[in-house]
Structures are given as C-alpha cells and as structure tokens.
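Letter by letter, the chains look like this.
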Amino acid sequence: MNPYQTAFQRAVHFGLLTGVEIPDSKEPVPEDVLSRLAPDLREHARSLGGYRQVDFVGGRLALQSSLRGLGREAECMPNERGGLVLPQGVSGSISHKRTLAVALTARATHGGLGVDLENLEPAREGIAERVLLPEELAVVRALPEANQWVATLLRFSFKEAVYKALNPFVPRYIGFEEAMVTPDTDQTATIELRLANGEGPFQIEGRYLWLNGRVVTMVRVREGAAPPVREQDMEPVQLDPS
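Anyway, here's the lowdown on the structure attached to this text. (Residues numbered from 1 in each chain as written. Predicted model: local features only at pLDDT ≥ 70, side-chain atom pairs only at ≥ 80, totals over all residues. Heavy atoms only, no water.)

This brings us to the layout of surface pockets. Its boundaries defined by the atoms lining it, the second largest pocket holds a volume of some 230 Å³. Together, 13 residues line the second largest pocket, and Leu143, Ala151, Leu154, Arg155 and Pro183 are the ones closest to its centre. Contributions of two or more residues to the lining of the second largest pocket are made by α6 (145–166), β6 (179–183) and β8 (202–210). No other element matches α6, which puts 5 residues into the lining of the second largest pocket. A per-class count over the lining of the second largest pocket returns 8 nonpolar, 3 polar and 2 charged. (1 Å grid on protein atoms, 1.4 Å probe; cavity = no way out; pocket = protein on both sides within 12 Å on 5 of 7 lines; lining within 4 Å. Points joined across faces, edges and corners; volume = space filled by probe spheres on them. Helix = DSSP H or I, 4+ residues; strand = E, 2+ residues; numbered from the N terminus. Nonpolar A, V, L, I, M, F, W, Y, C, P; charged D, E, K, R; others polar.)

Another point: the pairing of β6. On any regular strand, side chains alternate: one points to one face of the sheet, the next to the other face. With 4 of 5 residues buried, β6 is to be regarded as a mostly interior element. Sheet topology note: the β6/strand β7 (residues 188–193) ladder contains 5 bridges and is antiparallel. Bridge pairing in β7 links Val181 to Ile191. As consecutive antiparallel partners, β6 and β7 are separated by 4 residues, and within that stretch Gln187 has a phi angle of approximately 70°, a positive value. (Buried < 20%, exposed > 50% of the residue type's maximum accessible area, 1.4 Å probe, protein only. Pairing = 2+ DSSP bridges.)

Turning to helix α5 (residues 134–141), its buried residues are Glu136, Leu137 and Val140. All buried residues of α5 lie within an arc of 100° about the axis, which places them on one face of the element. In this structure, the buried side of α5 is in contact with α4 (128–131), α6 and β6. (Arc of directions from axis to C-beta. Contact = heavy atoms within 4.5 Å.)

Turning next to helix α3 (residues 50–69). Residues spaced three or four apart along an α-helix point in a common direction, a consequence of the helix completing one turn every 3.6 residues. The terminal C-alpha atoms of α3, which comprises 20 residues, lie 29 Å apart, in line with the 28 Å expected from a rise of 1.5 Å per residue. Where burial is concerned, most of α3 is hidden: 14 out of the 20 residues are buried. Where α3 ends, the next residue or the one after it, Gly71, has phi of about 80°, a positive value. (Expected span 1.5 Å × (residues − 1).)

Glancing now at the sheet that holds strand β2 (residues 15–21). Either a parallel or an antiparallel arrangement is found when strands of a sheet pair, and the pairing is made through backbone hydrogen bonds. Strand order in the open sheet formed by 4 strands is β1-β2-β4-β3, with antiparallel pairing between adjacent strands. Of all the strands in the sheet, just β1 (6–12) and β3 (90–97) have a single pairing partner and so form its edges. Within the sheet, the average angular offset between the axes of one strand and its neighbour, ignoring direction, is 15°. Judged from the 6 bridges that link them, β2 and strand β4 (residues 100–107) form a sheet pairing that is antiparallel. By the bridge assignment for β4, Leu17 is matched with Leu104. The strands touched by α3 within the sheet are β1, β2, β3 and β4, with β4 carrying the most contacts at an inclination of about 35°. (Axes fitted to C-alpha atoms, helices over the stretch in contact; angles between N-to-C directions.)

On to the pattern of salt bridges, then. Under the counting rule described, the total for this entry stands at 12 salt bridges. With a shortest N-O distance of 2.4 Å, Arg46 and Glu43 are connected by a salt bridge. Here Arg46 pairs with Glu43, and both are found in helix α2 (residues 39–46), just 3 residues apart, close to one helical turn. Its relative accessible area of 37% is what places Arg46 among the partly exposed residues. (Salt bridge = Lys/Arg side-chain N within 4 Å of Asp/Glu carboxyl O.)

Set out below in structure tokens:
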C-alpha cells in the first residue's frame, strides 16, 4: 500500500474516476502530504483530527487528481452543508472507506454527479428495513439468502450517490424512501425518483462496478424530462407466425 498515492484513474461512462489509497489509521496526515493541497484546504485539514482528517485529505487528493485529468485546478472547499464547491463548468463527487478514497469528475454539461464507495464485508443485513422501500425489500427477500446482502448494499449505495448527484439541484436532505433502485446484471441501474417535495423533472442514470471487495456506484442527474422515444428508434416487434 502507498498511502496518499493514486491507486487508479480510469475513464468511466459518467466521467473520470480516480482512487487514492489512504491508511486505516487515526495518525495525523504527514506534512509532506498536506503540502500537496492548496493552502486553504491544507489549513482546513489541519483543523480536523483522526479519521476525519485522513478521509478529508484522501478525498481531496483524489478529487485534485481527477480534476487535473480534466485539465482543471480547484481548491474545492466544503460548503456549510459539507457539500463540494467545485469550479464553474465542473461536476464532481467524493467517497471514501477506510483504505480508499475515490472521486468522480466530469464537465458540468454532462450533468450532476454522485459517487459512493462501499465495502462488501462485513455484511449488515439489518440495514435493509431502514433503507429499502417495501417494493425493494420484497424483491430482495425473494432472492436466495446468499444474494440478499449484495442486493441490499447496491441499493443503499445508489441512494447515497443519488443524494450527492441531486444536491446541486435539490439542496436538502433526501431520504432513502425518495428513490427506488433496480440494479441490473449489466452493471447499470434503473432509478425512479419519488421526491417528497415534487422537485424535478430529472433524468437520472446509474452505473456500478466491482473493485477488489468493494462496489462503486455512480449516478448522473440532468434537469428536464427525458426526450420521448421516437417511433424510428423503437425495436420492431417480431410476431410469431406459428
């Protein structure tokens, strides 16, 4: 492991995904690592302690690297609600879990972004009733027991990413009950928004990938209703002649 170094950077469907390794430790972040941050970020990091400092620095280094991949530089201080303040023309999101921080960035013309990183283990089946809608819970409970935890985790993670992606458009807390998620085996997900205050309409897309015992979920949100399907774009129906 190389703490605070880039573990990977790859182009994904919604933008550029960057991962930075972070230590599973409460030890203060070394000064030579802090020096890689912009001055305001450095001072903010020094005001934090323990895992909060480690996670903050790892996330900002991932974001910094991802933005540089787009040809941009930014300090990206958190706002009063803890969200990211990104440079004009850029969308981005951060997530972290103990030994890894990830950032997803793209040009803002592509829409708002949300990313979430979750460990597959240990299983926490007890969260299902708290985070899943009744329809989702019924689908998960109908699966073989061995598959139920991953199905729950995917839905939970997508809902976390939905909250982040919607934040620029809906600057309030969004509950787990305000989105219904249906993951598919092709690493996409159908997401139906049920926003309590009727905000929208929004176009929303979901993708996920497996990453060494973890799952990364990514969500992209665009304002406006989805364009209608044109007749010439529809698959022709093949009738059975028998």
